[in-house]
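Structure assessment
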Amino acid sequence: MASKRGGDASSAMVAVPSNKRAKNELAVVNGGRSQAIMATGPPRTSNLMAPVMELVGHAEAVHACTFSPSGNLFATAGFDREIYIWNTFGQCENSMALKGHAGSISGLAWTACENKLYSCSTDKTVAVWDGDTGERLRKLKGHSSFVNSIATPNQESPLIVTGSDDCTIKIWDARRRGYAHSISSTYQVTATSFGMTTDQVISGGLDNDVKIWDVRKLDILHTLRSHTDTVTGIALSPDGKSLASNSMDNSVKIWDVQPFVAGDRLKSTLGGVQHNFEKNLHRVAWAPDSKHVAAGSADRNVYIWDTFAQRVKYCLPGHKGAVNDVAFHPKEPILLSCSSDKKAFLGELAL
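In this report, the structure presented in the accompanying data block is examined. (Residues numbered from 1 in each chain as written. Predicted model: local features only at pLDDT ≥ 70, side-chain atom pairs only at ≥ 80, totals over all residues. Heavy atoms only, no water.)

1. Points about the pairing of strand E32 (residues 343–348)
Of all six residues in E32, five are buried, a share of seventy percent or more. Pairing of strand E5 (residues 52–56) with E32 involves five bridges; the strand directions are antiparallel. Following the sheet pairing, leucine 55 is matched in E32 by alanine 344. Pairing geometry for strand E31 (residues 334–339) and E32, over five bridges, is antiparallel. (Buried < 20%, exposed > 50% of the residue type's maximum accessible area, 1.4 Å probe, protein only. Helix = DSSP H or I, 4+ residues; strand = E, 2+ residues; numbered from the N terminus. Pairing = 2+ DSSP bridges.)

2. A short note on unusual backbone geometry
A positive phi is found at serine 290, a non-glycine position, where the angle reads about 60 degrees. Structurally, serine 290 can be placed in the loop between strand E26 (284–286) and strand E27 (292–296). One non-glycine residue with positive phi stands out, namely glutamine 310, at about 55 degrees. For glutamine 310, the position within the fold is in the loop between strand E28 (302–306) and strand E29 (311–316).

3. Thoughts on the nonpolar core
Counting residues in hydrophobic clusters, the biggest one holds 18 residues, and the most contacted among them are Leu55, Phe67, Phe74, Leu336 and Leu346. Put simply, the parts of the chain that give this core at least two residues each are E5, strand E6 (62–67), strand E8 (82–87), E31 and E32. With residues up to four places along the chain from it excluded, the contact list for leucine 336 reads Cys65, Thr66, Phe67, Phe74, Asp325, Val326, Ala327, Ala344, Phe345 and Leu346. Ala64, Trp110, Ala127 and Trp129 belong to the second-largest nonpolar core, a separate cluster that totals 14 residues. (Core = buried A, V, L, I, M, F, W, Y, C linked by side-chain atoms within 4.5 Å. Contact = heavy atoms within 4.5 Å.)

4. Some remarks on the sheet that holds strand E19 (residues 200–205)
On the basis of which strands lie adjacent, the open sheet formed by four strands has the order E18-E19-E20-E21 and antiparallel pairing. Across the chains shown, the open sheet's two edge strands, defined by having one partner strand only, are strand E18 (189–194) and strand E21 (219–224). Direction aside, the axes of adjacent strands within the sheet are offset by 25 degrees on average. (Axes fitted to C-alpha atoms, helices over the stretch in contact; angles between N-to-C directions.)

5. Re the environment of valine 189
Residue placement: valine 189 occurs in strand E18. Sequence spacing of valine 189 and valine 147 is 42 residues, and the spatial spacing of their C-alpha atoms is 8.7 Å. Discounting residues that sit within four places of it in the chain, valine 189 has contacts with Asn148, Gly163, Ser164, Asp165, Cys167, Thr168, Ile169, Ser203, Gly204 and Gly205.

6. Things to note about the sheet that holds strand E25 (residues 266–270)
Across the sheet, which stays open at both edges, the four strands sit in the order E22-E23-E24-E25 with antiparallel pairing between neighbours. Each edge of the sheet is formed by a strand with only one pairing partner; in this case those strands are strand E22 (231–236) and E25. Mean inter-strand twist for the sheet, computed between neighbouring axes without regard to direction, equals 20 degrees.

7. Here we look at the packing of aromatic side chains
Throughout the structure, instances matching the rule amount to five aromatic pairs. For the pair phenylalanine 67 and phenylalanine 74, a centre-to-centre distance of 5.9 Å together with 65 degrees between the ring planes defines the contact as edge-to-face. Note on accessibility: phenylalanine 67 and phenylalanine 74 belong to one class, buried. A ring pair is formed by tyrosine 84 and tryptophan 86, whose centres lie 6.2 Å apart and whose planes are at 80 degrees; its orientation type is edge-to-face. Each member of the pair, tyrosine 84 as well as tryptophan 86, carries the same accessibility label: buried. A network of ring pairs unites the aromatic residues Phe67, Phe74, Tyr84 and Trp86 as a single cluster. One residue, lysine 170, lies across the ring of tyrosine 179, its end atom 4.0 Å from the ring centre. (Phe/Tyr/Trp six-rings, centres within 6.5 Å; stacked < 30°, edge-to-face > 60°. Lys NZ or Arg CZ within 6 Å of the ring centre and 35° of its normal.)

8. Digging into the pattern of salt bridges
A complete count under the given rule lists nine salt bridges for this structure. A salt bridge links glutamate 348 to arginine 44; the shortest N-O distance between them is 2.7 Å. Separated by 304 residues along the polypeptide, glutamate 348 in strand E32 and arginine 44 in the loop between strand E4 (34–39) and E5 bring together distant segments of the chain. Residue aspartate 209 is joined to arginine 225 by a salt bridge in which the shortest nitrogen-to-oxygen separation is 3.3 Å. Of the two residues, aspartate 209 sits in the loop between E19 and strand E20 (210–214) while arginine 225 sits in the loop between E21 and E22, which places them 16 residues apart along the sequence. (Salt bridge = Lys/Arg side-chain N within 4 Å of Asp/Glu carboxyl O.)

9. A look at the environment of asparagine 301
Considering the arrangement of structural elements, one finds asparagine 301 in the loop between E27 and E28. It is 9.0 Å that separates the C-alpha atoms of asparagine 301 and glutamine 274, two residues lying 27 residues apart in sequence. Excluding anything up to four places from it in sequence, asparagine 301 contacts Ala295, Gly296, Cys315, Leu316, Pro317 and Val323.

10. Observations regarding the side chain of serine 203
Along the chain, serine 203 falls in strand E19. At 2.9 Å, the side chain of serine 203 forms a polar contact with the side chain of tryptophan 213. (Polar contact = N/O pair within 3.5 Å; in protein donor to acceptor, adjacent residues only side chain to side chain.)

11. Examining the state of the cysteines
Formally, a disulfide is one covalent bond, and it connects the sulfur atom of one cysteine to the sulfur atom of another. If you walk through the whole model with that rule in mind, you get zero disulfides. We note that cysteine 65 lacks a disulfide partner, and the nearest cysteine sulfur, in cysteine 338, lies 3.7 Å from it. Looking at cysteine 65, the relative accessible area reads 4%, which means it is buried. (Disulfide = S-S within 2.5 Å.)

Pasting the structure below:
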């Protein structure tokens, strides 16, 4: 069900400009008889109300966050079993709280036309929500254990791909009950994504490998080996040429996933990200430029790399718990992050 947040002020969700010094503070300059107000500091790069916005309202750890395709909205969800829909600009008001899952929510994904939002949970189900009203349209059952990840294609499609602790990857048609295809994996699946088309899906899991699957044959096309521990997050670049994978071996790897690649598909290994005893599924995300990659980390920081230069461009502090998920705004240099500290941050970048 969807509900408007209101009532008791103690439970209200609010967006708070960060206590950090604003990038463009105003200074009053005395020019004799008149006074001029001038902006100080570096120029702003986004339409956010402040350079950093702190979003408060979740009662437990926040595990997933995502922008809508237009960038006007974003969603957060986590251990409190609720999905919050927020406005990106202005005061970042919370417009809806979606309730219906019986377990922690581990993943979120919008459709390309923004009319539906999908979620997956440890209650073994996938939920389909109306993007306008927040009504739950359908509950998809088929997994026999925790559903760890969910993804949608880049183009408009009713298809969804999920990965689960039941050692399967399932492809669903949101218009129907039950899954369309089920692919068996040897180990638990912790991360999933579509390829550039819906004929391919990509998965990562406890066997440390990233696998590219042919949906038509339900068989493996490529196995990408280099990680030495569980893969916790994968993301395909917007141009479809590269794949990023985050792993408990404390590395993010960039792979060439174009057809007919000769030799090793591993392009680079990026250091900095940390995983710890909590074994959280820290995710990874691409910027719209297909050049920059961001990842969550157990050391409470967000890391952003320039994949061309193969170096850390930003190490962003602020969270007081492990950073579980990150997302780039589709049109502006804005990064969204969520954490086990029950908070989310919106921050503008200079990419």
